[in-house]
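# Understanding the architecture of this molecule
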Amino acid sequence: MPRFRSFLETMAPYKPGKSVVSSDGRSYKLSSNENPHEPLPSVVEAIARAATEINRYPDPGSAKLTAALAERYDVPAEHVALGAGSVAVAQQILEAVGEPGAEVVYAWRSFEAYPLLVGLAGATSVQVPLKDETHDLDAMAEAITPRTRLVFVCNPNNPTGTVNRTAELRRFLDRVPDDVLVVLDEAYREYVRDEDVPDGLDFYRERGNVAVLRTFSKAYGLAGLRVGYLIGQAAVAEAVRKTLLPFAVNHIAQAAAIASLAAEDELNVRVEEAVKERDRVRDALVAQGWKVPPTEANFVWLRVGDRTMEFAEHCAAAGVAVRPFAGEGARISIGDAEANDTFLTAAAAFLT
């Protein structure tokens, strides 16, 4: 029998959001924080053109997409690193800093891929409990030791949707040693409407040990193509590029991402619709009697505790797939109005 890494024996695999179908054929997938809209026509056209060229390898350096991102955010091209989705870029970051004895600090609960990726990189997870469903930045700062190489701050946090604001983040960053990399994971940045939630790029411009992680999967609606990116100082981005699997960002994905950046005004209209639906859903849940933390993402969080799996099964019976975290709570993505209304009906019935 071949010998494998001992970590694999205890590793909990990543669990993607599921789809369900009710007895009467209804099916609403609100379990993966996906954009419910189809791609824009201009993006589909770019995909179709790129599909005629897939007999060739993709540009391994994603030069055109890198240039487009550099122009969009007014940063040097050498400060941009790409990967096959932001989760892959997170893995690249960990490959760059992780080794036996290294520690990675992050809030818990937060993005569930963090412990998996940290373990695969050979590093040690240091999980800091949330406080009022939000990152406890003071406790996270205190958790940093000489062995700490990296801190993830997911803002807005997945799965709670909560945020840390400018002043508290600045105080936290002031306490982080210069040789510890802080990655601000901003997968849901486009949905933020709280003006006191900072754009992580402002901190990146000020500090050599801060980098920002973003994705085309959520607001841009390219979840099926896998494109994510990091913006950090030159040394950080270079290290992350070194750990990129060759040709990982495929040709069609690069073309679609470039087209999406060009169509950003149209996409922003859809994002604004999602924000309005998010606020409507949260207000309705609060009116039903649920305790729902304020959210700046494209989902809401319900702390259901021991009844979490029962709640998920109840929603599934209505044809709504939610994302349960056993013993803790459920995350519900914002879909179209019909999906959201079906979920709200199920949520109300669960309380009766």
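Placed above this text is the structure.
Heads up: these notes are all about the structure in this document.

So, on to the sheet that holds strand 4 (residues 124-129). In spatial order, the strands read 2-8-7-6-5-3-4; together these 7 strands make up an open sheet with mixed pairing. Two strands close off the open sheet at either side, each with one partner strand: strand 2 (80-83) and strand 4. Each strand of the sheet is rotated relative to its neighbour by a mean of 25°, with strand direction disregarded. Taken together, the 6 bridges between strand 3 (residues 103-108) and strand 4 define a ladder with parallel strand orientation.

A separate point is the packing of aromatic side chains. A complete count under the given rule lists 14 aromatic pairs for this structure. Ring centres of Phe216 and Tyr220 lie 4.8 Å apart, and the angle between their planes is 55°; this geometry places the pair in the tilted category. On the accessibility criterion, Tyr220 (7% relative accessible area) is buried. Between the aromatic rings of Phe311 and Phe350, the centroid separation amounts to 5.1 Å while the plane-to-plane angle is 80°, which identifies the pairing as edge-to-face. Here Phe311 is found in helix 12 (residues 308-317), whereas its partner Phe350 is found in helix 13 (residues 337-351), with 39 residues between them in sequence. Each of the two residues, Phe311 as well as Phe350, counts as buried.

On to the pairing of strand 5 (residues 148-154). In terms of burial, strand 5 is largely enclosed, as 6 of its 7 residues are buried. By the bridge criterion, 4 bridges tie strand 3 to strand 5 in an arrangement that is parallel. Among the inter-strand pairings, Tyr106 is bridged to a residue of strand 5, identified as Phe152. In terms of strand pairing, strand 5 meets strand 6 (residues 181-185) through 5 bridges, oriented parallel. Bridge pairing in strand 6 links Val153 to Leu184. Each parallel crossover has a hand, and for strand 5 linked through helix 7 (residues 166-175) to strand 6 it is right-handed.

We now examine a nonpolar patch on the surface. Taken together, the side chains of Met1, Phe4 and Leu8 define a hydrophobic patch exposed on the protein surface, amounting to about 440 Å² of accessible area. Relative to the elements of secondary structure, Phe4 occurs in the segment before helix 1 (7-10). For Phe4, a relative accessible area of 61% corresponds to the exposed category.

Another point: unusual backbone geometry. Cis rather than trans, the peptide bond between Asn155 and Pro156 has omega equal to 0°. Residue Asn158 is joined to Pro159 through a cis peptide bond whose omega torsion reads 25°. With respect to the helices, strands and loops of the structure, Pro159 is situated in the loop between strand 5 and helix 7. One non-glycine residue, Asn33, adopts positive backbone phi at about 55°. Considering the arrangement of structural elements, one finds Asn33 in the loop between strand 1 (28-29) and helix 2 (41-51). For Glu133, which is not glycine, the phi torsion reads 65° and is therefore positive. Tracing the chain through its elements places Glu133 in the loop between strand 4 and helix 6 (137-142).

Two packed helices can be described by the angle between their axes and the distance between those axes. Closest axis-to-axis distance for the helix 12/helix 13 pair is 9 Å, and the angle between their directions is 130°. As the angle between them shows, helix 12 and helix 13 are arranged oblique. The element helix 12 and its partner helix 13 pack so that their crossing is right-handed. In this structure, helix 12 contributes Glu310, Phe311, His314 and Cys315 to the contact, and helix 13 contributes Phe343, Ala346, Ala347, Ala349 and Phe350. The residue makeup of the contact of helix 12 with helix 13, split by class, is 7 nonpolar, 1 polar and 1 charged.

What follows concerns the pairing of strand 6. For strand 6, the buried fraction is high: 5 of the 5 residues fall into the buried class. Going residue by residue along strand 6, you find Leu181, Val183 and Asp185 tucked away on one face and Val182 and Leu184 tucked away on the opposite face as well.

Under the defined criterion, the tally for this structure stands at 21 salt bridges. Across the salt bridge formed by Glu103 and Arg147, the nearest N and O atoms sit 2.9 Å from each other. With Glu103 in strand 3 and Arg147 in the loop between helix 6 and strand 5, the pair connects residues that are 44 residues apart, well separated along the chain. Look at Glu103 and you get buried, because its relative accessible area is 11%. Between Arg303 and Glu133 there is a salt bridge; the shortest N-O distance is 2.7 Å. Of this pair, Arg303 sits in the loop between strand 9 (299-302) and helix 12 while Glu133 sits in the loop between strand 4 and helix 6, and the two are 170 residues apart along the sequence. What makes Arg303 partly exposed here is its relative accessible area of 42%. Through salt bridges with shared partners, one network takes in Arg170, Asp174, Glu206 and Arg207.

Rules of the game
- Residues numbered from 1 in each chain as written.
- Predicted model: local features only at pLDDT ≥ 70, side-chain atom pairs only at ≥ 80, totals over all residues.
- Heavy atoms only, no water.
- Pairing = 2+ DSSP bridges.
- Helix = DSSP H or I, 4+ residues; strand = E, 2+ residues; numbered from the N terminus.
- Axes fitted to C-alpha atoms, helices over the stretch in contact; angles between N-to-C directions.
- Phe/Tyr/Trp six-rings, centres within 6.5 Å; stacked < 30°, edge-to-face > 60°.
- Buried < 20%, exposed > 50% of the residue type's maximum accessible area, 1.4 Å probe, protein only.
- Right-handed = clockwise from strand over helix to strand, strands pointing away.
- Patch = residues over 30% accessible without salt bridge, like charges linked within 9 Å, V, L, I, M, F, W, Y side chains within 5 Å.
- Areas by Shrake-Rupley, 256 points an atom, 1.4 Å probe, with all protein chains shown as cover.
- Salt bridge = Lys/Arg side-chain N within 4 Å of Asp/Glu carboxyl O.
- Parallel < 35°, antiparallel > 145°, perpendicular 65-115°, else oblique.
- Left-handed = near helix turned anticlockwise from the far one by under 90°.
- Contact = heavy atoms within 4.5 Å.
- Nonpolar A, V, L, I, M, F, W, Y, C, P; charged D, E, K, R; others polar.

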